[in-house]
Amino acid sequence: MKRYLPLIILAILAVLPVIGLSTYMMHILILVIMWSVIGMSWNLLGGYCGQVSFGHAAYFGVGAYTAGVLYSKFDLSPWWGLPLCVVVVALFSLVLGFIVLRLRGPFFALATLASGEVMRITAENWVDFTGGTMGILIQRRTWVEKTWYFYIILIIAALTFFMIKKLVESKLGYYFVAIREDQDAAESLGINTTLYKTIALCISGVITGIAGAFYTNYMGYIDPHVVFALHDISIITIMIVMVGGVATFWGPYVGALIMVLLAEYIRSIPGLGAAHQTFFGILLIVIIIFLPNGIVGDFQKLKRLVGLRRASG
Amino acid sequence: MSLLQVKGVSMFFGGLAAISDVSFDIQKGDILGLIGPNGAGKTTMFNVVNGFYAPSRGEVFFKGKKISGLKPHQICKLGVARTFQVVKPLQRMSVLDNVIASAYLRVNNRGEAEDIAREKIKFTGLHDDVNVISKGLPLGKRKKLEIARALATQPEMLMLDESFAGLNPAELDESIEIIRKIKERGITIMIIEHHMKVIMAISDRIVVLSYGQKLAEGTPNEIGNNPLVVEAYLGEAESA
């Protein structure tokens, strides 16, 4: 049963649009799936390989702008951005990885944080190419309906899920975890840590980039503040994985579901909506103190905590 | 032919010479003991041979090929594996997964890697702890895990950095037995050890380091009777 769980969930999701959900519900679903894709990709690099990136907005933004610039400069459908950003983001990750992967631990985290900001400022100022803070508006939207967007992101998520599952169970997965646990030991056991960290970064970056290219197509408008955002992209990505569970298969999905719903809910409360990030901050502190392995990683503990409350109440 | 040759190796950290102009050879199939007082440069010598440090001067050859200057993973691939004095298990992985991760060096599929890993785990006597997360192992078993992991890379030469320190007498005997069995398999061993009894019992040759310099080299017997070595370890003999 447990083996088929991913397929069952996929099947249920696939029939959801048929039963006629409201446009708003479809929008929420699309966001949840898109964020789980980004969460999965971050989890590969940060969770399994132990390289905590605070700059995944860089990859998201480069993917989004690949699609956007194809449209604005070359008059091509922004959908071409999805296959093209595989190449663009892979090259970008190689260059960035060459610089940031020399650093370890907190220094790596800070360098990635800076790289996201550098990309945002570049996109703001390279007006001829990116349109600067005016952003890029896709005037011809492919569909008004959400159904096809939903299926496209669902396919991306499913492929990502099965690819990462295969990867984590393979030699590469063992190497990633070995690097996370002790880089010196890994190196002396014959693992080329530089090479495997670069591979993890490239795969992670490309998947996030694809999500970014999808975002351009789906939202129809991008600007540097949105797609290279430190708090709205980089930090939320980390939160999703932290809340769901670092280095777990299901963590990014659970995290994405909770974070998207929570964001939508808090934003709808009058007078408090603007403070949604305050709530995220509090949530993160609570998670780190009580469920350091996230909801999936500490599920047994969570059940105990809830059970305790019931028993005493 | 000697398997490993250390030729005139010096290692400076800033102005400090951790090792100065040390040379020795290890014959294939031998056990070479590396001894010396604290701070003599034994672990630094391991780090040079293993590739963590590129020597400031001098060269290291393995099977006639120069390995100084190569990265640790390249040297490991050529057939030199090591353990660490301060054990470095992959903490949140089980014992089996720890060993599988290093077995993957020579094979690519999971089944073969697991076969190698299980054999090495049995060999080092950890078979009761296969599924234990290595964080929870007591020190003696972690030291064995280090050995199992190094063996899983299928080395020709194994470097053991104080694999006996902190073990109780029963564990000590087991470990000596393991090292004898490794030697029987034709694997050359270089070992750092403070237990003189152990080192005298198992070594074919011994190199003594003191303040980064080679003080003496020879068979256990020669070393035991060498006044220089006795002096370095026990202080100057009183002239009566």
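It should be noted that the structure appears before, not after, this text.
Residues numbered from 1 in each chain as written. Chains lettered and ligands numbered in written order. Predicted model: local features only at pLDDT ≥ 70, side-chain atom pairs only at ≥ 80, totals over all residues. Heavy atoms only, no water.

**Points about the nonpolar core**
For soluble globular proteins, the rule of thumb is that nonpolar side chains tend to be buried together.
Now for step 1: Judged by nonpolar contacts, the single largest core of 114 residues is most densely connected at A:Met34, A:Trp35, A:Phe176 and A:Phe214.
Now for step 2: If one sorts the elements of this core by residue count, helix H2 (residues 23–48) of chain A sits on top with 15 residues. (Core = buried A, V, L, I, M, F, W, Y, C linked by side-chain atoms within 4.5 Å. Buried < 20%, exposed > 50% of the residue type's maximum accessible area, 1.4 Å probe, protein only. Helix = DSSP H or I, 4+ residues; strand = E, 2+ residues; numbered from the N terminus.)

**Things to note about the packing of aromatic side chains**
Between two aromatic rings, the relevant description is the distance of the centres plus the angle of the planes.
Now for step 1: Inspection of the entire model under this criterion finds 22 aromatic pairs over all chains.
Now for step 2: With centroids separated by 5.7 Å and ring planes inclined at 55°, the aromatic side chains of A:Trp79 and A:Trp143 adopt a geometry described as tilted. Separated by 64 residues along the polypeptide, A:Trp79 in the loop between helix H3 (56–74) and helix H4 (81–100) and A:Trp143 in the loop between strand E1 (136–137) and helix H7 (147–169) bring together distant segments of the chain.
Now for step 3: Its relative accessible area of 17% is what places A:Trp79 among the buried residues.
Now for step 4: These aromatic residues form a ring-pair network of at least three members: A:Trp79, A:Trp143, A:Trp148, A:Tyr149, A:Phe150, A:Tyr151, A:Phe214 and A:Tyr218.
Now for step 5: Across from the ring centre of B:Phe61, 4.8 Å away, lies the NZ or CZ of B:Lys7, which sits over that ring. (Phe/Tyr/Trp six-rings, centres within 6.5 Å; stacked < 30°, edge-to-face > 60°. Lys NZ or Arg CZ within 6 Å of the ring centre and 35° of its normal.)

**Some thoughts on the pattern of salt bridges**
Pairs can form between side chains of opposite charge whenever their charged atoms are close.
Now for step 1: According to the stated counting rule, one finds 21 salt bridges over all chains in the structure shown.
Now for step 2: Among the ionic pairs, B:Lys66 bridges to B:Glu59, the shortest N-O distance being 3.7 Å.
Now for step 3: For B:Lys66, a relative accessible area of 42% translates into the label partly exposed.
Now for step 4: Measuring nitrogen to oxygen at the nearest pair gives 2.9 Å for the salt bridge that ties B:Glu114 to B:Arg110. With B:Glu114 and B:Arg110 both in helix H4 (residues 110–123), this residue pair falls four residues apart, about one helical turn.
Now for step 5: Under the relative-accessibility criterion, B:Arg110 is labelled partly exposed at 33%.
Now for step 6: Taken together, the shared-partner salt bridges connect A:Glu117, A:Arg120 and A:Glu124 into one network. (Salt bridge = Lys/Arg side-chain N within 4 Å of Asp/Glu carboxyl O.)

**Looking at H2(A)**
Residue and element names in this part refer to chain A.
Now for step 1: Taking 1.5 Å per residue as the helical rise, H2 with its 26 residues ought to reach 38 Å, and the 36 Å between its terminal C-alpha atoms agrees with that figure.
Now for step 2: Where H2 bends most, the angle comes to about 35°, and this point is Trp42.
Now for step 3: Following H2 by one or two positions, Gly50 adopts a phi angle in the positive range, close to 75°. (Expected span 1.5 Å × (residues − 1). Bend = angle between axes of the 7 residues up to and from the residue.)

**Remarks on the environment of A:Ile236**
All names here are of chain A.
Now for step 1: Here Ile236 shows up in helix H12 (residues 230–244).
Now for step 2: The spatial distance from the C-alpha of Ile236 to the C-alpha of Asn192 is 31 Å, given a sequence separation of 44 residues.
Now for step 3: With near-sequence residues (within four places) excluded, Ile236 lies in contact with Trp35, His231, Met259 and Phe280. (Contact = heavy atoms within 4.5 Å.)

**Comments concerning the sheet that holds strand E1 (residues 2–13) of chain B**
Now for step 1: Here four strands make up an open sheet; going across it, the order is E2-E1-E4-E5 (chain B) and the pairing antiparallel. Two strands in the sheet have a free side with no partner beyond their single neighbour: strand E2 (16–27) and strand E5 (65–66) of chain B. (Pairing = 2+ DSSP bridges.)

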